[in-house]
Amino acid sequence: MSTKEVASQWAQLCREGKNIECIESLYAENVSSKEMPGVPYGESITGKQSVLEKSKQWLDNVVEFHSGEISDPVIADNHFVSKMSFDVTFKDRGRQQMEEICVFEVNDGKIVNEQFFYTM
């Protein structure tokens, strides 16, 4: 798949709430993931299984999704970016409105790097 095809599928799966399926189908086995400093499930991790576990921990902490929006991806060569916005109630920190910029790198039709920028 091209970067544009991966980005389009990523956005569609995320908009449908299929985050786990997204990782399982679009991520490389050796994917690297970077979060902002202080995040409880690891600032920098490697491997699809670790990324799946991080996502499951985040989702398990959600009580309710009130709303969410994922922008159309912007593609530049083998990278794409998207803005995600959520209004979410968490078990451990209550209701929060979140905005983040997500940056992805694609090689051989799979996401090999992801990095998220947001205010904690």
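Because the structure is a prediction, the values reported are computed rather than measured.

(A) Expanded view of the overall build of the protein chain. Looking only at helices and strands, the protein chain has three helices and seven strands in total. Taken from N to C terminus, the helices and strands of the protein chain fall in the order α-α-β-β-α-β-β-β-β-β. For 120 residues, the compact-globule estimate of 2.2 N^0.38 gives 14 Å, and the protein chain sits close to it at 14 Å. Seen through its principal axes, the protein chain has C-alpha atoms that stretch 40 × 25 × 25 Å. When each of the 120 residues of the protein chain is scored for burial, the buried share is 43%. For the protein chain, contacts bridging at least 24 residues in sequence account for 46% of all contacts bridging at least 6. With an accessible surface of roughly 6800 Å², the protein chain has 48% of that area assigned to carbon and sulfur atoms. Counting 12 positive and 20 negative side-chain charges, the protein chain places the averaged centre of each group 2 Å from the other.

(B) Quick look at the environment of Asn78. Within the secondary structure, Asn78 sits in the loop between strand 4 (74-76) and strand 5 (79-90). Spatially, the C-alpha atom of Asn78 lies 15 Å from that of Gln9, the residues being 69 residues apart in sequence.

(C) Fine view of the layout of surface pockets. By volume, the largest pocket amounts to about 830 Å³. Lining the largest pocket are 36 residues, with Trp58, Met84, Phe86, Met98 and Glu100 positioned closest to its centre. Put simply, the parts of the chain that give the lining of the largest pocket at least two residues each are helix 1 (3-15), helix 2 (19-26), helix 3 (48-60), strand 3 (62-70), strand 5, strand 6 (94-107) and strand 7 (110-118). With six residues, the top contributor of residues to the lining of the largest pocket is strand 6.

(D) Summary view of the nonpolar core. Ranked by size, the top nonpolar core spans 32 residues in total, and within it Trp10, Tyr27, Phe80, Phe104 and Ile111 carry the most contacts. Counting only elements with at least two residues in this core, the list comes to helix 1, helix 2, strand 1 (27-34), helix 3, strand 3, strand 5, strand 6 and strand 7. It is helix 1 that provides the largest number of residues to this core, a total of six residues. Dropping the residues within four chain positions of it, Ile111 is found in contact with Val6, Trp10, Leu26, Tyr27, Ala28, Val31, Phe80, Phe104, Glu105 and Val106.

Reading the values: the criteria
Residues numbered from 1 in each chain as written. Predicted model: local features only at pLDDT ≥ 70, side-chain atom pairs only at ≥ 80, totals over all residues. Heavy atoms only, no water. Helix = DSSP H or I, 4+ residues; strand = E, 2+ residues; numbered from the N terminus. Rg over C-alpha atoms; globule rule 2.2 N^0.38 Å. Buried < 20%, exposed > 50% of the residue type's maximum accessible area, 1.4 Å probe, protein only. Contact = heavy atoms within 4.5 Å. Areas by Shrake-Rupley, 256 points an atom, 1.4 Å probe, with all protein chains shown as cover. Lys, Arg positive; Asp, Glu negative; His and termini not counted. Charge placed at Lys NZ, Arg CZ, Asp CG, Glu CD. 1 Å grid on protein atoms, 1.4 Å probe; cavity = no way out; pocket = protein on both sides within 12 Å on 5 of 7 lines; lining within 4 Å. Points joined across faces, edges and corners; volume = space filled by probe spheres on them. Core = buried A, V, L, I, M, F, W, Y, C linked by side-chain atoms within 4.5 Å.

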